[in-house]
Amino acid sequence: MLEAVIVDDEIKALQSLSWELTNLSDEVDIIASFTDAGEALAYLEQNTPDCLFLDIEMPAMDGFQFIKNLKNKDFPVVITTAYNQYALQALKNEAIDYLLKPIDSDDLEETIAKIKKYNAKNLTVERLEKILLNFNAESQSKKITINTDGKLLFLNSEDILYAESDGNYSTIFLADGQKILLTKKLKEVNALLPESCFFRIHNSYVINLNKIKEFLKTDGYVVLESNHKIPVSRQKKSDFLDML
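Residues numbered from 1 in each chain as written. Predicted model: local features only at pLDDT ≥ 70, side-chain atom pairs only at ≥ 80, totals over all residues. Heavy atoms only, no water.

Student: Please clarify how the environment of Tyr162 should be interpreted in this entry.
Tutor: With respect to the helices and strands, the residue Tyr162 is situated in strand S8 (residues 160–166). In the structure, Tyr162 is positioned 38 residues away from Arg200 in sequence and 9.4 Å away in space, judged by C-alpha atoms. The contacts of Tyr162, once residues within four sequence positions are left out, are Thr171, Ile172, Phe173, Tyr205, Val206, Ile207, Leu224, His228 and Ile230. (Helix = DSSP H or I, 4+ residues; strand = E, 2+ residues; numbered from the N terminus. Contact = heavy atoms within 4.5 Å.)

Shown next, in the form of structure tokens:
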């Protein structure tokens, strides 16, 4: 299913194109439509459709200015206008196609075919990342998502022993002996971990509470199943005991 967004300041033109798209194919879904360019830009900052149908002649901001102001350009743009003199400029402004109003059904079919072909060839890293993150978020057994070294790692919480700070960097220690170096501060790493089983026991350490083997009260250390000794800061000791 192609998810499409339409931007056109003329409500009749917007409704006409919506009707054409939804009646032309059951593979097109209009997820949003706008007569206000500013509202459309705000929406597209947070959402990534499969394609955008964009009018050129708009009062506050024309289509070419709209494209320049787009922060997220991870989708094909189709220019729609009643004036054919914009064709060359439209194609120079990163548009995948150009439709002249009133829009012909055959031309629209060809455009949809181009969009499908474009999206098939341009399933970018960013789009794949979004798909993976969405899949993980909807999964019944969510994993912890770590972005590092140009790749996404999906970790089970039970595989993580603890995380250690090193200034602007952090290292995650896994039960199998692996170490994962991250260009994140420990505060950021801690935010990724579920509060139900991870606790920042010290300014330099976050531990998995399920991996604790011993708590040496006199020495102020916890011993993990891996035999790593992690210090408990005085400030965190009371909260730590509450968690236990």
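Now that the structure has been shown, we can carry on.
Student: Honestly, the side chain of Ser170 in this entry has me stumped. Any pointers?
Tutor: Along the chain, the position of Ser170 falls in strand S9 (residues 169–174). Taking relative accessible area as the criterion, Ser170 reaches 1% and is therefore assigned buried. Of the polar contacts made by the side chain of Ser170, one reaches the backbone oxygen of Lys184; its length is 2.8 Å. At 3.2 Å, the side chain of Ser170 forms a polar contact with the backbone nitrogen of Leu186. (Buried < 20%, exposed > 50% of the residue type's maximum accessible area, 1.4 Å probe, protein only. Polar contact = N/O pair within 3.5 Å; in protein donor to acceptor, adjacent residues only side chain to side chain.)

Student: Help me out: how do you make sense of the pattern of salt bridges in this one?
Tutor: Two side chains with opposite charge may pair up if their charged atoms get near one another. Applying the stated criterion to the full structure yields four salt bridges. Linking Lys101 and Asp55 is a salt bridge whose minimum nitrogen-to-oxygen distance equals 3.2 Å. Of this pair, Lys101 sits in the loop between strand S5 (95–100) and helix H5 (105–121) while Asp55 sits in strand S3 (residues 51–55), and the two are 46 residues apart along the sequence. Note on Lys101: relative accessible area 22%, which makes it partly exposed. (Salt bridge = Lys/Arg side-chain N within 4 Å of Asp/Glu carboxyl O.)

Student: Would you mind going over unusual backbone geometry with me for this structure?
Tutor: Trans peptide bonds make up most of the peptide bonds, and negative phi angles are found at most residues other than glycine. Residues Lys101 and Pro102 are joined by a peptide bond in cis, for which omega reads -10 degrees. Topologically, Pro102 is positioned in the loop between S5 and H5. Positive phi values are uncommon outside glycine, yet Asn227 reaches one of about 75 degrees. Tracing the sequence through the fold places Asn227 in the loop between strand S14 (221–224) and strand S15 (229–231).

Student: What am I meant to see in the packing of aromatic side chains here?
Tutor: On inspection of all chains with the given rule, the structure shows three aromatic pairs. Taking 4.4 Å as the distance between ring centres and 10 degrees as the angle between the ring planes, the aromatic pair formed by Tyr162 and Phe173 counts as stacked. Here the residue Tyr162 occupies a position in strand S8, and Phe173 occupies one in strand S9, the gap between them amounting to eleven residues. Centroid distance Tyr162 to Tyr205: 6.1 Å. Interplanar angle 50 degrees. Geometry classified as tilted. (Phe/Tyr/Trp six-rings, centres within 6.5 Å; stacked < 30°, edge-to-face > 60°.)

Student: How should I be thinking about the UniProt feature "modified residue: 4-aspartylphosphate" (unreviewed entry) in the chain in this particular structure?
Tutor: In the numbering used here, UniProt assigns the "modified residue: 4-aspartylphosphate" (unreviewed entry) feature to Asp55. By relative accessible area, Asp55 is classed as buried at 3%. Excluding its chain neighbours within four sequence positions, the residues that come into contact with Asp55 are Val7, Asp8, Asp9, Gly63, Thr80, Thr81 and Lys101. (UniProt positions renumbered as here; feature names shortened; annotations may be inferred.)

Student: Is there a simple way to explain the sheet that holds S15 in this structure?
Tutor: Within a sheet, neighbouring strands are paired by backbone hydrogen bonds and run either parallel or antiparallel to one another. Strand order in the open sheet formed by three strands is S13-S14-S15, with antiparallel pairing between adjacent strands. Only two strands of the sheet have a single partner each, and these edge strands are strand S13 (212–216) and S15. On average, each strand axis in the sheet is tilted by 25 degrees relative to the strand beside it, whichever way the strands run. Bridge analysis of S14 against S15 gives three bridges, and the strand direction is antiparallel. Paired with Val223 across the two strands is Lys229, which belongs to S15. (Pairing = 2+ DSSP bridges. Axes fitted to C-alpha atoms, helices over the stretch in contact; angles between N-to-C directions.)

Student: Would you mind showing me how to read the sheet that holds strand S1 (residues 2–7) here?
Tutor: A sheet is described by the order of its strands in space; here five strands give the open sequence S2-S1-S3-S4-S5, paired in parallel fashion. The open sheet has two free edges, formed respectively by strand S2 (28–34) and S5, since each of these has just one partner strand. Pairwise comparison of adjacent strand axes, ignoring direction, gives a mean angle of 20 degrees for this sheet. One ladder, built from six bridges, connects S1 with S2; its direction is parallel. Within S2, the position partnered with Val5 by the bridge is Ala32. The strands that helix H1 (residues 11–24) touches are S1, S2, S3 and strand S4 (77–81); relative to S2, the one it contacts most, it runs at about 170 degrees. Where H5 meets the sheet, it contacts S1, S2, S3, S4 and S5, and its direction lies at approximately 170 degrees from that of S5.

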